[in-house]
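# Commentary on secondary and tertiary structure
So the chains spell out like this:
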Amino acid sequence: MEDVKWLGFDWEDRLFFASDYFDQMYEYAVQLVKAGKAYVDDLSAEEISAYRGTLTTPGRNSPYRDRSVEENLDLLERMRKGEFANGEKVLRAKIDMAHPNMNMRDPVMYRILHAAHHRTGNKWCIYPTYDWAHGLEDSIERITHSLCTLEFENHRPLYDWFLDELGVYHPQQIEFARLNLTYMVMSKRMLKELVEEGYVRGWDDPRLPTICGMRRRGYSPTAIRNFCKRIGVSKVNSIIPFELLEHCVREDLNKTAPRFMGVLHPLKVVIENYPEGKVEEMEAINNPEDPAAGTRKVPFSRELYIEQSDFMENPPKKFYRLAPGREVRFRYAYFVTCTDVIKENDEVVELRCTVDPETRGGDAPDGRKVKSTIHWVSASHAVDAEVRLYDKLFTVEDPAGRKGRDFKEFLNPNSLTTLTSCKVEPAVRNLKPFDRFQFERLGYFCIDPDTTAERLVINRTVELRDTWAKIQKKLKR
RNA sequence: UGGGAGAUCGGCUAAUGGUAGGCCGGCAGGCUCUGGACCUGCUAGUGGGGGUUCGAAUCCCUCUCUCCCAGCCA
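Below or above, wherever it landed, is the structure these notes cover.

## Description of helix H7 (residues 188–196)
For H7, the full list of buried residues reads Met 190, Leu 191, Glu 193, Leu 194 and Val 195. Where H7 terminates, the next one or two residues include Gly 198, which has phi positive at roughly 80°.

## Digging into the pattern of salt bridges
Scanning all chains against the criterion turns up 47 salt bridges. A salt bridge links Arg 156 to Glu 175; its shortest N-O distance comes to 2.6 Å. Taken together, the positions of Arg 156 in helix H6 (residues 156–166) and Glu 175 in strand S6 (residues 172–176) put the pair 19 residues apart, joining distant regions of the chain. Arg 216 is the partner of Asp 204 in a salt bridge, and the nearest nitrogen-oxygen pair spans 3.1 Å. Of the two residues, Asp 204 is situated in the loop between H7 and helix H8 (211–217) and Arg 216 in helix H8; the sequence distance between them amounts to 12 residues. Residue class for Asp 204 comes out partly exposed when judged on its relative accessible area of 28%. Overall, Arg 216 belongs to the buried group, its relative accessible area being 11%. When salt bridges that share partners are traced, they join Asp 204, Arg 216, Glu 386, Arg 388, Asp 448, Asp 450 and Arg 455 into one network.

## Some details on the pairing of strand S14 (residues 335–344)
Note: strand S13 (residues 327–330) against S14, 3 bridges, orientation antiparallel. For Val 328, the partnering residue across the bridge sits in S14 and is Val 336. Taking the residues between adjacent antiparallel strands as the criterion, S13 and S14 are bridged by 4 residues, where Tyr 332 takes a positive phi near 65°. When S14 meets strand S15 (residues 347–356), the two strands line up antiparallel, connected through 9 bridges. Paired with Ile 342 across the bridge in S15 is Glu 350. In this structure, the hairpin formed by S14 and S15 is closed by a connection of 2 residues, where Asn 345 is found at a positive phi of approximately 50°.

## Considerations on helix H5 (residues 130–140)
Burial analysis of H5 places 8 of its 11 residues in the buried class, which makes it a mostly covered element. Three or more residues of H5 are buried, namely Asp 131, Trp 132, Ala 133, His 134, Gly 135, Leu 136, Asp 138 and Ser 139. Summarising the contacts, the buried residues of H5 are in contact with helix H2 (22–34), strand S3 (108–112), strand S4 (126–128), strand S5 (145–149), H6 and S6.

## Quick word on the protein's contact with RNA strand B
Every one of the 62 residues lining RNA strand B counts as a neighbour, but Arg 259, Arg 321, Arg 329, Gly 361 and Thr 467 are closest to it. Those atoms of RNA strand B that come within 4 Å of the protein belong to sugar or phosphate at a rate of 64%. In the environment of RNA strand B, a phosphate oxygen lies 3.5 Å from a nitrogen or oxygen atom belonging to the side chain of Ser 49. Here Arg 230 contributes a side-chain N or O atom positioned 3.2 Å from a sugar or linking oxygen of RNA strand B. Looking at the surface near RNA strand B, the elements that each hand over two or more residues are helix H3 (45–51), S3, helix H9 (221–231), helix H10 (242–256) and helix H11 (467–476). In terms of residue count, the dominant contributor to the surface near RNA strand B is H11 (5 residues). Looking at the surface near RNA strand B residue by residue, the classes come out as 24 nonpolar, 19 polar and 19 charged.

The rules we used
- Residues numbered from 1 in each chain as written.
- Chains lettered and ligands numbered in written order.
- Predicted model: local features only at pLDDT ≥ 70, side-chain atom pairs only at ≥ 80, totals over all residues.
- Heavy atoms only, no water.
- Buried < 20%, exposed > 50% of the residue type's maximum accessible area, 1.4 Å probe, protein only.
- Helix = DSSP H or I, 4+ residues; strand = E, 2+ residues; numbered from the N terminus.
- Salt bridge = Lys/Arg side-chain N within 4 Å of Asp/Glu carboxyl O.
- Pairing = 2+ DSSP bridges.
- Contact = heavy atoms within 4.5 Å.
- Near = heavy atom within 4 Å.
- Polar contact = N/O pair within 3.5 Å; in protein donor to acceptor, adjacent residues only side chain to side chain.
- Nonpolar A, V, L, I, M, F, W, Y, C, P; charged D, E, K, R; others polar.

Following this line, the structure appears as structure tokens:
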């Protein structure tokens, strides 16, 4: 309920429980028995199943089907009173054991369950089945339309039958296709399995399509609602590309998320012509899409970190970022030229660079241009953070639809990557759990509730669209 | 093989007898202190066959394919 509210819905004082209608439902059952439309059956569950027939062959009548109204009334009353054990008797609708729709072959209405109910306690030991209760709740609440998913289409004739036989207010049941996402499972049963067997960290694991999971991942209510609007509602069984959801998330977050700088895979940079101990506060725009978001100060100093992937010693043609001898812009700071590369065992461990003091703020007075702008953080001011990167939970588009295969076979072993040596600008430390923001050039992120005074934990919601990654793929081909 | 439901660009979705449109993706270009965002253009579809009609995605017939149903689950 909390999740639904977070999504932006409010049912005001209209929170209803089926169990509030148990008395009324029982009265309705008595009414059907009196009309000769329901009977108490002594058959066991297995026997009922055997008597039901199959999809292509009709069922047989139960030997108890023709009990008198008086006997049925008496038996039902004694079921309610608790005179029988679980499974000993059921109340069934008397419809047609040869009906082509299996749901119409004398469906069970009440079964005996000696169990406490979370709202009615021990008042009842017989409980209505879904098919029996569903239409009654809708009718009692006088709703106009009852929406449900496609698999209940076969149940609509029964929904209609109960209401018509009772002669009560008759809402209309309308079915629609459930939402499916690529590389995901959506069924409660499967999600429960993932949670309970520890394949994910809980119902709010950011890899799950649960509302609390998406919230923890950093998806906004607006994004989720826009997504739902965009995909529409229909009766066609379809699978929506996960990428469309991500698109909607980016679309909203681009407009609303404040920007920060953070380095996921740090590479140390020393600015040789920048004095030791000097610190400058560079002015940065919080959100270029929203001038009202204002600006902030970001400290710049002699020792910085940049992203490892923003430097290449031997850059290919279309690589615009930092390389030996090349000048790029450090966002909101200076034009920086790489003068030297320090390596240990063939691995680049540090860059020596120089700044052009004339370019403070990020523009050259002589009008010269650079091919790219990269992000950075000041080494001495940086805050350490753990960043969790999420990838698709499954390796195939439709893990639930692989006939004869367990969906868990397709779990992506790399759906979670934890980075522990990330360096982020100091202002990020002021954010609260669930706050959403962008690390410039990297993607959208949010503060994970695992964050404590000692530990900053950040979830990556979704990457920015990455044109460079696309070019790289092309180059490989 | 009984019953129910469905089929429109690569994906999703509009058009209910009158110009097959939108979004996402993809491709090409523009712009840019985020290779982001934004802007422009292009791409591409009515499952097959027959019929009714001046005119069919839409109505009729037929075929094909897909999904759901044999819980005292929901």
